[in-house]
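A closer look at the structure
These are the residues of each chain, in order.
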2 protein chains.
Amino acid sequence: MADPLTNLIRTYHELNAAVVDELDEQPSALEFMRHVAANRPFVVPRAIRDWPAFQKWDANYLRHLMGREEVKVAITSLGNADAVVESKEDDSLVFVEPYEVFEPFGEFLDSIQRSSSSTTEVGHVKYAQTQNDNLRHEYASLLPDVPTDIPFARIALGQNADAINLWIGDDRSTTALHKDNYENIYCQIRGEKDFVLLSPVEMPCVNEQLLARGRYAPVPPAADAATTFYDGGKYDDSGVEALEVQLDSDAERVPVATWDPDEPEKRTTAWSSLAKPLRVTLREGDMLYLPCFWYHKVSQRVGDEGFVCAVNYWYDCSFEGSSFASHSFVRDVYLAEQRRPEYPELKVGGETEGG
Amino acid sequence: MADPLTNLIRTYHELNAAVVDELDEQPSALEFMRHVAANRPFVVPRAIRDWPAFQKWDANYLRHLMGREEVKVAITSLGNADAVVESKEDDSLVFVEPYEVFEPFGEFLDSIQRSSSSTTEVGHVKYAQTQNDNLRHEYASLLPDVPTDIPFARIALGQNADAINLWIGDDRSTTALHKDNYENIYCQIRGEKDFVLLSPVEMPCVNEQLLARGRYAPVPPAADAATTFYDGGKYDDSGVEALEVQLDSDAERVPVATWDPDEPEKRTTAWSSLAKPLRVTLREGDMLYLPCFWYHKVSQRVGDEGFVCAVNYWYDCSFEGSSFASHSFVRDVYLAEQRRPEYPELKVGGETEGG
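All figures in this text were calculated on a predicted structure; none of them were measured in a lab.

Quick word on the overall build of chain A
- Within chain A one finds 7 helices and 19 strands.
- Within chain A, the proportion of its 355 residues that are buried is 54%.
- Expressed as a percentage of contacts within chain A between residues at least 6 apart in sequence, the contacts between residues at least 24 apart total 84%.
- Split by element, the accessible area of chain A, about 15300 Å² in all, is 46% carbon and sulfur.

The structure is reproduced here in structure tokens:
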């Protein structure tokens, strides 16, 4: 008999299609609630083509409204903000956050477009990706171009969006596999994004590990910096010189998914091969419902304007019922399996099933 | 660190109140879908007082419409249809189904009322409890007095009721703790019912065991009957003589919850003490939503008319998403724990949590 975690993942896949549902139009609140109940994603192609943002957001328009505003920009060597980085010295893994700077939006957008029009990689990778309700704060000038809420979600969930986030970047940025405690409505304005999705029950596949934390920082490092062990930096046009990872030895280790569904043979667990990642590409004007607790990895391609731009709405998850408790239980059993020595399984009596 | 099953049950109770929600009126389809999503019960007092059934179903009316119709009646010694019975000989447990007879509804109702008006127990216990859509078949004469569907459930779930069941009995019948693969809307017409409810994650508490099957049968047993090991029978007024349990040695064993939340110290598992049973009394005119996969035990008291009468609507469960897979997983882990010898837990490395 297979172990319980294997049974769980197999049963889940037997009961659920390995594709993302595609809806013809935005769902009613009730139809949406059925997807929330099932904790299953869907995509609505061309759902947001009537948004002013979809019709108006080219580089000139954005520069006109936002050009002189200082915005926070994440800078990394490889487009790997909030990502797992391997030490060159000892193969250990570190969870690395980006170097962050403030710069005028116009200059930021220049860099993005310049990197997109270049045939060779130029400089560090920049990404406007502050997930702190930035469209209602930093980018408030752009807020009138999007709905203040997604009506079907607001009605179904009985709440307003907790955050509205704007994302602007180039081809090189990817978001590593992770999960959020939010119901997520993700809307693609410019360019395309490729999502790779894993359900919460596939937690045993993602090789979650407790990693030390680090952050990209310009060279030379500050005097009080901890061990420096990786240098992927180059000079770029932002005034930032070489970047290197500085380890934060004082920070508490953080659980991070280290398996990459695009490199499925690396950093595997005993269950990784059971994963059935769902893949969906969001094109300009498309909408994705990404349910609470789903793992997602995101990569992107710029559109004609030379940048990628998306807006997402986060709604608080419900922790009522058994979903959250069940996901924690999967994690607990997984961790217990990691600790358990491999004794042969004993059979007792004649009454165990399938024995 | 507590074992994963203990953590699961505790986390569930931390996130969910140990009471049944009470609504002021029937929910909208969307409000109902939120309860379905959370897999949480609710009660709506006085919800069905406008039903013709609530206004008209007294003994005379039922006799007038149904008196000569032959109906199927379950007969037991102790009101224990579909229940766990202890062998007098060897303490083993058997899952016992009732003896079933057909009799004219008028005679059945006479027995029920007679037993209710008696101060001492009289004869066997009868219960009209065929859960086979009987209100649209056996009792079709009464169907016009109830809605053909529960509108909020039909709209929310996008389906018609799979079955509508009528239940008529006296004080002595109880329904032992069990679960159904149905969304259940339970409507009390006459008398009262006490429900004891346990969520699906409390499966480790209910001491599920694989039991042999038996059935009550009149004495003397048929010539080919298997071992007779329990005799709780008395003479009664139905023409049935003493009843005794006949074991069906050929039948496959069936998994049955053997823990009784009303006798919480008996037949316990290591997790039974963590259960927090929800208790709710349905009075005449009340409605209960009993979600898929919830364990429930039901006892009852007759009303002024000398019988208990209820109608329930079953809607198919959704097996999409992770709920069903997660419940199966709890069961798998529970069964694996039963088989596992108690080796001391080893600690490896320094990175396990709470180690």
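Let's pick the thread back up.
Examining the sheet that holds strand E18 (residues 295-301) of chain A
All names here are of chain A.
- What the 4 strands build is an open sheet, ordered E9-E18-E11-E16; its pairing is antiparallel. The open sheet has two edge strands with one neighbour each: strand E9 (175-178) and strand E16 (278-282). In this sheet, adjacent strand axes meet at a mean angle of 20° when their direction is disregarded.

Brief notes about the nonpolar core
- Counting residues in each nonpolar core, the largest one holds 112 residues, and the members touching the most others are A:Trp57, A:Ile185, B:Trp57 and B:Ile185.
- Excluding anything up to four places from it in sequence, A:Ile185 contacts A:Phe32, A:Ile150, A:Phe152, A:Ala153, A:Met287, A:Leu288, A:Tyr289, A:Val311, A:Asn312, A:Tyr313 and A:Tyr315.
- Of all hydrophobic cores here, the second largest spans 72 residues; its members include A:Trp294, B:Leu8, B:Phe195 and B:Val280.

What to know about the packing of aromatic side chains
- On inspection of all chains with the given rule, the structure shows 33 aromatic pairs over all chains.
- Look at B:Trp271 and B:Tyr334: their rings are 5.7 Å apart centre to centre, the planes differ by 65°, and that puts the pair in the edge-to-face class. Residue B:Trp271 is found in the loop between strand E15 (254-257) and strand E16 (278-282), and its partner B:Tyr334 is found in helix H7 (residues 323-339); the two are separated by 63 residues along the sequence.
- Among the residues examined, B:Trp271 registers a relative accessible area of 7% and is labelled buried.
- Here a set of aromatic residues connected by ring pairs shows up, and it is made of A:Phe32, A:Phe42, A:Phe152 and A:Tyr289.
- Across the ring face of B:Phe54, the terminal group of B:Arg190 is positioned such that the distance to the ring centre comes to 5.4 Å.

Things to note about the interface of chain A and chain B
- Between chain A and chain B, the residue contacts involve 50 residues of the former and 50 residues of the latter.
- When chain A packs against chain B, close to 4500 Å² is buried across both sides, 63% of that on carbon and sulfur atoms.
- The interface formed by chain A and chain B contains 0 salt bridges.
- The interface formed by chain A and chain B holds 8 residue pairs in polar contact (both at pLDDT 80 or more) in total.
- For the side of chain A that touches chain B, the secondary-structure elements that each account for two or more residues are helix H1 (4-15), helix H2 (29-38), helix H6 (151-157) and helix H7 (323-339) of chain A.
- No other element matches H7(A), which puts 14 residues into the side of chain A that touches chain B.
- Of the residues contributing to the side of chain A that touches chain B, the split by class is 28 nonpolar, 10 polar and 12 charged.

Focus: the environment of B:Gln300
All names here are of chain B.
- Positionally, Gln-300 belongs in strand E18 (residues 295-301).
- Measuring from C-alpha to C-alpha, the distance between Gln-300 and Glu-192 comes to 5.5 Å, with 108 residues separating the pair along the chain.
- A polar side-chain atom of Gln-300 sits 3.3 Å from a polar atom in the side chain of Tyr-127.
- Within polar-contact distance, the side chain of Gln-300 engages the side chain of Lys-193 at 3.0 Å.

Looking at a negative patch on the surface
- A contiguous patch of negative charge on the surface is contributed by A:Glu22, A:Asp24, A:Glu25 and A:Glu31.
- Note that A:Glu22 resides in strand E1 (residues 21-22).

Digging into the packing of helix H4 (residues 59-66) of chain B against helix H5 (residues 105-117) of chain B
Residue and element names in this part refer to chain B.
- Two elements in contact, H4 and H5, have axes whose closest approach is 9 Å; the angle formed by their N-to-C orientations is 160°. Comparing their axes, H5 and H4 come out roughly antiparallel. Note on element contacts: H5 touches H4 through Phe-105, Gly-106, Leu-109, Asp-110 and Gln-113, opposite Ala-59, Leu-62, Arg-63 and Met-66.
- Grouping the constituent residues of the contact of H4 with H5 by class yields 5 nonpolar, 2 polar and 2 charged.

Looking at the sheet that holds strand E9 (residues 175-178) of chain B
Residues and elements named next belong to chain B.
- Spatial ordering of the open sheet is given by E9-E18-E11-E16, a layout of 4 strands whose pairing is antiparallel. Since the sheet does not close on itself, it has two edges, and those belong to E9 and E16, each with one partner. Neighbour-to-neighbour, the strand axes of this sheet turn through a mean angle of 15°, independent of strand direction.
- Taken together, the 2 bridges between E9 and E18 define a ladder with antiparallel strand orientation. Bridge assignment links Thr-175 to a residue of E18, and that residue is Val-298.

Cut-offs and rules
- Residues numbered from 1 in each chain as written.
- Chains lettered and ligands numbered in written order.
- Predicted model: local features only at pLDDT ≥ 70, side-chain atom pairs only at ≥ 80, totals over all residues.
- Heavy atoms only, no water.
- Helix = DSSP H or I, 4+ residues; strand = E, 2+ residues; numbered from the N terminus.
- Buried < 20%, exposed > 50% of the residue type's maximum accessible area, 1.4 Å probe, protein only.
- Contact = heavy atoms within 4.5 Å.
- Areas by Shrake-Rupley, 256 points an atom, 1.4 Å probe, with all protein chains shown as cover.
- Pairing = 2+ DSSP bridges.
- Axes fitted to C-alpha atoms, helices over the stretch in contact; angles between N-to-C directions.
- Core = buried A, V, L, I, M, F, W, Y, C linked by side-chain atoms within 4.5 Å.
- Phe/Tyr/Trp six-rings, centres within 6.5 Å; stacked < 30°, edge-to-face > 60°.
- Lys NZ or Arg CZ within 6 Å of the ring centre and 35° of its normal.
- Buried area = accessible area lost by both parts, 1.4 Å probe.
- Salt bridge = Lys/Arg side-chain N within 4 Å of Asp/Glu carboxyl O.
- Polar contact = N/O pair within 3.5 Å; in protein donor to acceptor, adjacent residues only side chain to side chain.
- Nonpolar A, V, L, I, M, F, W, Y, C, P; charged D, E, K, R; others polar.
- Patch = residues over 30% accessible without salt bridge, like charges linked within 9 Å, V, L, I, M, F, W, Y side chains within 5 Å.
- Lys, Arg positive; Asp, Glu negative; His and termini not counted.
- Charge placed at Lys NZ, Arg CZ, Asp CG, Glu CD.
- Parallel < 35°, antiparallel > 145°, perpendicular 65-115°, else oblique.

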